[in-house]
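Results of the structural survey
Chain by chain, the residues:
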Amino acid sequence: MSEAVQHDWQRRSLRAVWHPCTQMARAERVPPLPIARGEGPWLFDHQGRRYFDANSSWWVNLFGHADPALNDAIKHQLDTLPHVMLAGCTHEPAVRLAERLSARTRGVLGHLFFGSDGASAVEIALKQSFHSWRNRGQSDKREFVCLKNGYHGETIGALAVTDVAVFRDAYDPLLMRAHIVTSPDQRLGNEQQALDDLRTLLRERAAHIAAVIVEPLVQGAAGMVMHAPSYLRRLRQLCREFNVHLIADEIAVGCGRTGTFFAWEQTQPASADEWPDFVLLSKGITGGTLPLSLVLTTDEVYQAFWSEDVTRGFLHSHSYTGNPLACAAANAVLDRFEAGQLVSNQTQAALLTEAFAPLATHPAVAHLRQRGTILAFDVQAPVERFSERFHLAARDHELLIRPIGQTVYLMPPYLIDASTAGFLADAVQATLQEVLHAA
Ligand SMILES: *Cc1c(COP(=O)(O)O)cnc(C)c1O
């Protein structure tokens, strides 16, 4: 447990591992932090120093690291059936998971297709939407609409409906053309304009449009850009009016992040008509233990593929489709929600609100905002490479955090009590002071 061990892992990693979302030349200057183990919200390096995982390891972790209940569920499944293919076979963890998620939509989204990562769920939903229209004789409906600054993953299809320049620009020549419309942003108060913009497009192109894809309530990668449930309700109506599918990408905002299990529930859907045609989950669904993604869809979409003709079926698969270990972890996650997790999340969100309230008057802080356990603010000060500096400075305050541009955000595991909320607010404030002072 020494500095030498720590540096050895850094050196070997830089030589052999190509890190994600990283300019490797820059990684020489900001070497990756070797993590030896995790426990609760804490990550420990080889020198025994600890870091609070304030971004839940890219938004996947819900109940802390090495959670005993999740680990037990996976270990039990590991000794029973680690994997079997889901074509021609089925298994208890997949069936139970599908039934339980369907029940959470009151049966409206009663058909579940399994993917591996978030991006694969996006690919599946785009293909299912297009193919279902095609099977119904509307093969002209092959275009997609996404929101400005929206993020849906980085495979070629998902990237085509992603509007984040750093991820997208280099691959632009490879991508199918999607329509990008104004995104609602409570900082700008532009909900009406966003809807008008979409209406104009649909009026002109709806006969060619298969679906609109949206991140409900919070556009994560855009920098935690938030909008009201009223936008989603009106978006739903608009898509019905023009006969276009609506895909709710809840990969980041699902699983209780925004206060309800599905963010969409905050639109208070009263009938089947008021749910999306597709809901996507990944990230938190296994509590940050194993990769898994899910596409939930309606009977209407499902029935479009129902035929004696094989080619009208949805012939899509990944090798690990419906992996039993990942499904077992997801079932253990759902157990927590059935045991009252959302009530606890409400308390935790309120503790964060209270602890961070003083930041609202900080001269360099703008737009302090929150949805459930996602809290964010924008730093208005000319600091070069702000995100990198903040990330590095925070390490000295036992905080692992990665701002997006000038936006500092927290999306912690659901383990917030008064003392951790206070710790986070203090560590963020101290880091901010240091970064502003050094600039
Ligand atoms: C992370 C994310 C994805 C992509 O998921 P991966 O597992 O990284 O492929 C898609 N949509 C949203 C909203 C996300 O936050």
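Residues numbered from 1 in each chain as written. Predicted model: local features only at pLDDT ≥ 70, side-chain atom pairs only at ≥ 80, totals over all residues. Heavy atoms only, no water.

So, about helix α13 (residues 341–356). An ideal rise of 1.5 Å per residue puts 22 Å on 16 residues; α13 measures up with 22 Å between its terminal C-alpha atoms. Three or more residues of α13 are buried, namely Q341, N345, Q348, A349, L352, A355 and F356. For α13, the angular spread of the buried residues around the axis is 130°, confining them to a single face. Projecting away from the buried face of α13 at angles above 90 degrees are the exposed residues V343, Q346 and E354. Where α13 is buried, its residues contact α12 (324–338), β13 (365–371), β14 (374–379), β16 (407–410) and α15 (418–438). (Helix = DSSP H or I, 4+ residues; strand = E, 2+ residues; numbered from the N terminus. Expected span 1.5 Å × (residues − 1). Buried < 20%, exposed > 50% of the residue type's maximum accessible area, 1.4 Å probe, protein only. Arc of directions from axis to C-beta. Contact = heavy atoms within 4.5 Å.)

Around the ligand sit W59, D117, G118, A119, Y151, H152, G153, E215, D249, I251, A252 and K283, and those are all the residues in its vicinity. One of the backbone nitrogen or oxygen atoms of G118 is found 2.8 Å away from an oxygen atom of the ligand. A distance of 2.8 Å separates an oxygen atom of the ligand from a polar atom in the backbone of A119. In the complex, 83% of the free accessible area of the ligand, which totals 380 Å², lies under the protein chains. Residue composition of the shell around the ligand, grouped by class: five nonpolar, three polar and four charged. (Near = heavy atom within 4 Å. Polar contact = N/O pair within 3.5 Å; in protein donor to acceptor, adjacent residues only side chain to side chain. Areas by Shrake-Rupley, 256 points an atom, 1.4 Å probe, with all protein chains shown as cover. Nonpolar A, V, L, I, M, F, W, Y, C, P; charged D, E, K, R; others polar.)

The next thing to look at is the pairing of strand β1 (residues 35–39). Here β1 runs beside strand β2 (residues 42–45); their pairing, made up of four bridges, is antiparallel. What sits directly across from G38, in β2, is L43. (Pairing = 2+ DSSP bridges.)

Our next topic: empty space enclosed by the protein. Applying the stated rule across the entire model yields one cavity of 30 Å³ or more. By volume, the largest cavity amounts to about 40 Å³. Around the largest cavity, the lining residues are W59, L62, E250, I251, A252, G254, C255, R257, S282, K283 and G284. Residues that form the lining of the largest cavity fall into these classes: five nonpolar, three polar and three charged. (1 Å grid on protein atoms, 1.4 Å probe; cavity = no way out; pocket = protein on both sides within 12 Å on 5 of 7 lines; lining within 4 Å. Points joined across faces, edges and corners; volume = space filled by probe spheres on them.)

What follows deals with the UniProt feature "binding site: substrate" (unreviewed entry) in the protein. Under the feature "binding site: substrate" (unreviewed entry), the UniProt entry names W58, Y151, K283, S317 and R402. For the residues just named, distributed over 345 residues, the greatest C-alpha separation reaches 33.8 Å, placing them at more than one site. Checking the named residues against the largest cavity, the ones that line it are K283. In this structure K283 comes out as partly exposed when scored by relative accessible area, which is 23%. Leave out the neighbours within four places in its chain, and K283 touches W58, W59, V60, I251, A252, G288 and L292. In this structure S317 comes out as exposed when scored by relative accessible area, which is 57%. (UniProt positions renumbered as here; feature names shortened; annotations may be inferred.)

What follows covers the sheet that holds strand β6 (residues 179–181). In space, the seven strands of this open sheet follow the order β4-β12-β11-β10-β7-β5-β6, with mixed pairing throughout. The open sheet is flanked by β4 (111–115) and β6, the only strands paired with a single partner. Between one strand axis and the next, the sheet turns through 20° on average, direction left out of account. Relative to strand β10 (residues 245–249), strand β7 (residues 209–214) is paired through four bridges, and the arrangement is parallel. Its bridge partner being in β10, V212 is matched across the sheet by L246. Helix α5 (residues 92–104) rests against β4, β11 (278–281) and β12 (293–297) of the sheet, and its axis sits at about 125° to β4. (Axes fitted to C-alpha atoms, helices over the stretch in contact; angles between N-to-C directions.)

This next bit is on the environment of V279. Inspection of the secondary structure assignment puts V279 in strand β11. Residues V279 and R50 lie 229 residues apart in sequence; the distance between their C-alpha atoms is 36 Å. Setting aside its immediate chain neighbours within four residues, V279 contacts L109, A248, E250, F262, L294, V295 and L296.

The subject of this paragraph is the pattern of salt bridges. Tallied over the full model, the rule gives 23 salt bridges. Among the ionic pairs, E388 bridges to R29, the shortest N-O distance being 3.4 Å. Of the two residues, E388 sits in helix α14 (residues 386–395) while R29 sits in the loop between α2 (24–27) and β1, which places them 359 residues apart along the sequence. Accessibility expressed as a relative area gives 15% for E388, which makes it buried. (Salt bridge = Lys/Arg side-chain N within 4 Å of Asp/Glu carboxyl O.)

We now examine the sheet that holds β14. Pairing in this open sheet of three strands is antiparallel, and the strands run β13-β14-β16 from one edge to the other. Every other strand in the sheet has two partners, leaving β13 and β16 as the edge strands with one partner each. Averaged over neighbouring strand pairs, the angle between their axes works out to 15° when direction is ignored. Judged from the five bridges that link them, β13 and β14 form a sheet pairing that is antiparallel. Counted as the bridge partner of R371 is I374 from β14. Of the strands in this sheet, β13, β14 and β16 touch α15, which is tilted by about 15° from β14.

There is about 390 Å³ of room inside the second largest pocket. If you go around the second largest pocket, you meet 17 residues; those closest to its centre are L86, A87, F113, H316 and T321. Counting residues per element, the ones that place at least two in the lining of the second largest pocket are α5 and β4. With three residues, β4 is the largest single contributor of residues to the lining of the second largest pocket.

This part covers unusual backbone geometry. Of note in this structure, S56 is not a glycine but carries a positive phi near 50°. Topologically, S56 is positioned in helix α3 (residues 56–59). Backbone geometry at H367 places phi at a positive 55°, although glycine is not the residue there.

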